[in-house]
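# Descriptive structure summary
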Amino acid sequence: MDFELMINSFPKLLNAAVVTLKLLSVSLIVGLFIGLLFAILRLNKNIFINKFAYGYSYIFRGTPLLVQIFIIYFGLGQIESLRSSFLWVILKEPYWCAIIAFALNTGAYTSEILRSAFQTIKPGIIEAGKSLGISNKIIFYKVQIPIAIRQSLPAYGNEIILMLKGTSLASTVTLMDLTGVAKYIISTTFKPIEVFIVAGGIYLFMTFIIHNVIKFLEKKYSY
Amino acid sequence: MELLAFGDTGWGDELFRATLMTIAVSITAMLIGFSFAAVFTPLKLSKFKFLNLIANIYTTIIRGVPELLVIYLFFFGGSGAIMFVASMFGYNEYIEINAFLTGSFAIGIISGAYSTEVFRGAIQSIDKGQFEAAKVLGFSKFKQFYKIVLPQMLRLAIPNLSNVWQITLKDTSLISVTGLVEIMRQSYIAAGSTRDPLFFYSFAAVLYLLLTFVSMKLINRLEVKYSRGY
């Protein structure tokens, strides 16, 4: 055991963990909106809209995240019209490509979680709102969404942890996140076990925090 | 379409072989995972706190640390660890281990942690009276497991195991970083030499979708088979 290396690499890995957290939080926020949108589309009665939303979640859940990142980072640059458009400012940056891939991926999983949460809401609750003369829009925002959020908290907590692990793939498109820096240190020092313990420890610490925050929220919003 | 031709002109046969490789790695990893689960599930269900702790450490670490980091650990650390063991037996030459084995082992350990949780849940949801009934009827421990626990456990575990299979299948794409030529690596090579990444990565996505689709169909059949009588 090379304890000196472990101590020396700790600040570097901690700095890299900030990149990981940034990637995670931005993609989760964007992904939540995508997920909510597609969950609503899934509940739509129009069969085309319904199938479209299903196809989206099927494709993103059925293929590895690595393929998705590579298609966006390496693949999209090939399209000439895209390269000359304003979107290229975003798509040439590995950081934004990674975030787009993560957000689309977590959006697909989130839409499934939210859809099943919406479906478990008892129709009686909505009918009660209707008979009280509350408009559909307000029922949706004030009744359905809060209940769905509470219902989906445990599953969404798992999704956050899966996404935290997913951000490690950003290192494959040259980003120096926690895994990227860990790999760099391993390949320059050839001390994989020491670096794994430190980097893995940081990941576990983050998982631990996320797990407990979700648990706290679950308690707070339980009824 | 010429890009996908078989033979020297296209990448069809290479990608076909790569797909077989992905399937082979996934199955090997899944089986390695099962053997890990066979060890750790009894530990999880044991009465002894210490054994529980060991099993919990295993599943917590694996489920909390990114797969890629585990793969790097095995990729860079694997041959070192084997050389260390070999040096204790007096063998000091350089040993290079096979990318297939390292990859399957790394993914296998990950899938083993998920399988452990699935088996634990399945065994725990078997009615307690059944164990007592078996005891009363004088079943031996082995017979009790083989004839009573296992058939019910399989029925309860198959839907969740199909999830584990999907995760394992998708995780094998990460082994491409170690240079093992599976779907992802082959697409990377093809994309590099034809300068058509969009096509090859999209094709890789289609291959993965096909694999998940077909395997779901097969697993559904298994599910029906093991739910007979319910």
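Residues numbered from 1 in each chain as written. Chains lettered and ligands numbered in written order. Predicted model: local features only at pLDDT ≥ 70, side-chain atom pairs only at ≥ 80, totals over all residues.

### Describing the overall build of chain A
For chain A, the helix and strand inventory stands at ten helices and zero strands. On the principal axes, the C-alpha backbone points of chain A span a range of 70 × 50 × 25 Å. For chain A, the residues scored as buried account for 37% of the 223 residues in total. Partitioning the intrachain contacts of chain A with sequence separation of at least 6 by distance along the chain shows that 78% fall at a separation of at least 24. (Helix = DSSP H or I, 4+ residues; strand = E, 2+ residues; numbered from the N terminus. Buried ≥ 20, exposed ≤ 12 C-beta atoms within 10 Å, placed from the backbone. Contact = placed C-beta atoms within 7 Å.)

### Here we look at helix α3 (residues 67-88) of chain B
In a regular helix each residue adds 1.5 Å, so 22 residues correspond to 32 Å; α3(B) covers 30 Å between its end C-alpha atoms and thus fits that length. Most pronounced at B:Gly77, the bend in α3(B) amounts to some 50°. Next to the buried residues of α3(B) lie α8 (136-166), α9 (178-189) and α10 (192-220) of chain A together with α4 (99-124) and α6 (141-171) of chain B. Looking at the residues trailing α3(B), positive phi occurs at B:Gly90, about 85°. (Expected span 1.5 Å × (residues − 1). Bend = angle between axes of the 7 residues up to and from the residue.)

### As for the nonpolar core
Formed by 105 residues in total, the largest nonpolar core has its most connected members in A:Ile69, B:Ile71 and B:Ala204. Here the element with the most residues in this core is helix α6 (residues 94-120) of chain A; it accounts for twelve residues. (Core = buried A, V, L, I, M, F, W, Y, C linked by C-beta atoms within 7 Å.)

### Describing the interface of chain B and chain A
At the interface, 27 residues of chain B touch 31 residues of chain A. Ranked by residue count, the leading element in the side of chain B that touches chain A is helix α8 (residues 197-226) of chain B, at nine residues. A breakdown of the residues in the side of chain B that touches chain A according to their chemical character gives 19 nonpolar, five polar and three charged. (Nonpolar A, V, L, I, M, F, W, Y, C, P; charged D, E, K, R; others polar.)

### Structural notes on the packing of helix α1 (residues 12-45) of chain B against helix α2 (residues 49-64) of chain B
Residue and element names in this part refer to chain B. In contact at an axis separation of 7 Å, α1 and α2 are set at 130° when each is read in the N-to-C sense. The orientation of α1 with respect to α2, classified from their angle, is oblique. As for the relative orientation of α1 and α2, their crossing is left-handed in sense. Where α1 approaches α2, its residues Phe40, Leu43 and Lys44 are matched on the opposing element by Leu51, Asn52, Ile54, Ala55 and Tyr58. For the contact of α1 with α2, the class distribution of residues is six nonpolar, one polar and one charged. (Axes fitted to C-alpha atoms, helices over the stretch in contact; angles between N-to-C directions. Parallel < 35°, antiparallel > 145°, perpendicular 65-115°, else oblique. Left-handed = near helix turned anticlockwise from the far one by under 90°.)

### Some points on the confidence of the model for chain B
All names here are of chain B. For chain B, the mean per-residue pLDDT works out to 88, and 98% of the residues sit at or above 70. The secondary structure element of chain B with the lowest average pLDDT is α3, at 83, and the one with the highest is α1, at 94. For this predicted complex, the interface confidence reaches an ipTM of 0.87, while the overall pTM sits at 0.89. (pLDDT = per-residue confidence, 0-100.)

### Looking at the environment of B:Leu31
Topologically, B:Leu31 is positioned in helix α1. Here the alpha-carbon distance between B:Leu31 and B:Tyr146, two residues 115 residues apart in the chain, equals 19 Å.

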